Amino acid sequence: MSSAALDTLALQPFFLPASGGQRYCLLHLPPPGRRARGAIVYVHPFAEELNKSRHVSAAQARVFAAAGYCVLHIDLFGCGDSDGEFEEARWDIWHNDLHLACAWLAQRVEGPLTVWGLRLGALLALDFASRAPLPLARLLLWQPELDGRRSIDRFLRMRLASSMLAGGTREAPGQARAALENGASVEVAGYLLAPALALAIDGVSAAALLPTVPVYWLEYQAPQQACTPMLPSLPSPALAQQWREQGAAVHVASFGDGPFWHSGELLACPQLLDATRKLCCDWLDAPWMTP
């Protein structure tokens, strides 16, 4: 479908009532007159990665909608345009938000329910799927964070890098981590991170979460340079193989557009969208059933 046709698809913004206030949602609908053949809930990434990746997730949502799926974007508590402050956010609240979004969409759309997550949102999706109270058809993971503690440590290094660039008193390595473990919130790039959220994320590891539904996994693969040694075909093949050996259905592909979730410029990511379509062709390109 052309980009002009994609732009005509129905788009409905609304606020979903929830505990602690409302959650901002954006619903992408299939073309007029066509019955939806499934539902997809998108789980956004952490902190500023949410804002940097909105344009790419929106582009993919339009593709899904054109293929017949209702796609729901939800800003989790304390994030984006939803109620709450980031410092008040908690992992369990985000679980509840995801359950609310899935239940809301499942009540309105017949067909399989897919949860699609990016970065830390993918780890949340995996954790959610391991204890979801409603049936899921599959997981779509874009560049998933695989270890919560490593993810938080990378986030905290942004604070250390900022203090070095500022040229003032340098923060000692590990100082922010120590502050969190001592019960103090830490500011990183304008986001106030509460110890309760950080320590909960610390305890989540993809290696301990065996998926019980098919997984479609997209990872960024940097273009091979002639002067660099050969890289593995994908950055995280070991876990995918571990899951397969334990009986999980895992489909993996790569894309080379770039790490759009922290890029200083907006990347269109056509390779990612194309790789997603090809990887998910068994359900995305299936014939559209008529009512």
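Below you will find a few notes about this structure.

A few words on the overall build of the protein chain. A tally of regular secondary structure across the protein chain gives 10 helices and 10 strands. A separation of at least 24 residues holds for 72% of the contacts in the protein chain among residues at least 6 apart in sequence. Of the roughly 13400 Å² that the protein chain leaves accessible, carbon and sulfur atoms contribute 55%.

Before going further, it helps to spend a moment on the environment of V252. Structurally, the position occupied by V252 is in strand 10 (residues 250-255). For the pair V252 and E219, spaced 33 residues apart in sequence, the C-alpha to C-alpha distance is 7.8 Å.

Axis separation between helix 2 (residues 49-66) and helix 9 (residues 270-279) bottoms out at 10 Å; the angle between their running directions is 35 degrees. Helix 9 is crossed by helix 2, and the crossing has right-handed handedness. Counted together, V56, A59, Q60, V63 and F64 of helix 2 and L272, L273 and T276 of helix 9 form the full contact between these two elements. Here the contact of helix 2 with helix 9 is composed, by residue class, of six nonpolar, two polar and no charged.

This brings us to the packing of helix 3 (residues 91-106) against helix 4 (residues 120-130). Contact geometry of helix 3 with helix 4 gives a least axis separation of 10 Å together with a crossing angle of 75 degrees. Between helix 3 and helix 4, the angle is such that the two are roughly perpendicular. Between helix 3, through W91, W94, H95, L98, H99 and C102, and helix 4, the contact on the second element is made entirely by L120, L123, L124, A125, D127 and F128. Taken together, the residues of the contact of helix 3 with helix 4 break down into nine nonpolar, two polar and one charged.

This paragraph deals with the pattern of salt bridges. For the coordinates displayed, the defined rule picks out 13 salt bridges. Residue E145 pairs with R119 through a salt bridge whose shortest N-O separation is 3.1 Å. In this pair, E145 is assigned in the loop between strand 6 (138-142) and helix 5 (148-166) and R119 in the loop between strand 5 (113-118) and helix 4, connecting sequence segments 26 residues apart. Note on R119: relative accessible area 10%, which makes it buried. Salt bridges sharing common partners tie together R149, D153, R177, E181 and D202.

Before going further, it helps to examine helix 3. In an α-helix, one turn spans 3.6 residues, which is why side chains three or four residues apart end up on the same side. Counted at 1.5 Å a residue, the expected span for helix 3 with its 16 residues is 22 Å, and the 22 Å between its end C-alpha atoms agrees. What helix 3 keeps buried is the set W91, W94, H95, D97, L98, A101, C102, A103, W104 and L105.

In this section: the side chain of T114. Inspection of the secondary structure puts T114 in strand 5. If sequence neighbours within four positions are ignored, T114 has contacts with A39, I40, V41, R138 and L140.

Below, the discussion takes up the nonpolar core. Soluble globular proteins: nonpolar side chains tend toward being buried together. Grouped together as the largest cluster of nonpolar side chains are 65 residues, with contacts concentrated most on F46, W94 and L193. Looking at which element gives the most residues to this core, the answer is helix 4, with eight residues. Among all residues touching F46, those that are not within four sequence positions of it are F86, W94, L120, I152, F155, L193, L197 and I201. Residues Y69, F255, L267 and L272 belong to the second largest nonpolar core, which totals 29 residues.

Backbone hydrogen bonds hold the strands of a sheet together, and the pairing may be parallel or antiparallel. Read from one edge of the open sheet, eight strands run 1-2-4-3-5-6-9-10, paired in mixed fashion. This sheet does not close on itself; its edge strands, each paired only once, are strand 1 (11-18) and strand 10. The sheet shows a mean angle of 20 degrees between the axes of neighbouring strands, taken without regard to direction. Bridging between strand 3 (residues 38-43) and strand 4 (residues 69-74) involves six bridges; their strand directions are parallel. Within strand 4, the residue paired with Y42 across the bridge is H73.

What counts, and where the lines are drawn
- Residues numbered from 1 in each chain as written.
- Predicted model: local features only at pLDDT ≥ 70, side-chain atom pairs only at ≥ 80, totals over all residues.
- Heavy atoms only, no water.
- Helix = DSSP H or I, 4+ residues; strand = E, 2+ residues; numbered from the N terminus.
- Contact = heavy atoms within 4.5 Å.
- Areas by Shrake-Rupley, 256 points an atom, 1.4 Å probe, with all protein chains shown as cover.
- Axes fitted to C-alpha atoms, helices over the stretch in contact; angles between N-to-C directions.
- Left-handed = near helix turned anticlockwise from the far one by under 90°.
- Nonpolar A, V, L, I, M, F, W, Y, C, P; charged D, E, K, R; others polar.
- Parallel < 35°, antiparallel > 145°, perpendicular 65-115°, else oblique.
- Salt bridge = Lys/Arg side-chain N within 4 Å of Asp/Glu carboxyl O.
- Buried < 20%, exposed > 50% of the residue type's maximum accessible area, 1.4 Å probe, protein only.
- Expected span 1.5 Å × (residues − 1).
- Core = buried A, V, L, I, M, F, W, Y, C linked by side-chain atoms within 4.5 Å.
- Pairing = 2+ DSSP bridges.

Such coordinate-based values are descriptive only and should not be taken to indicate function.
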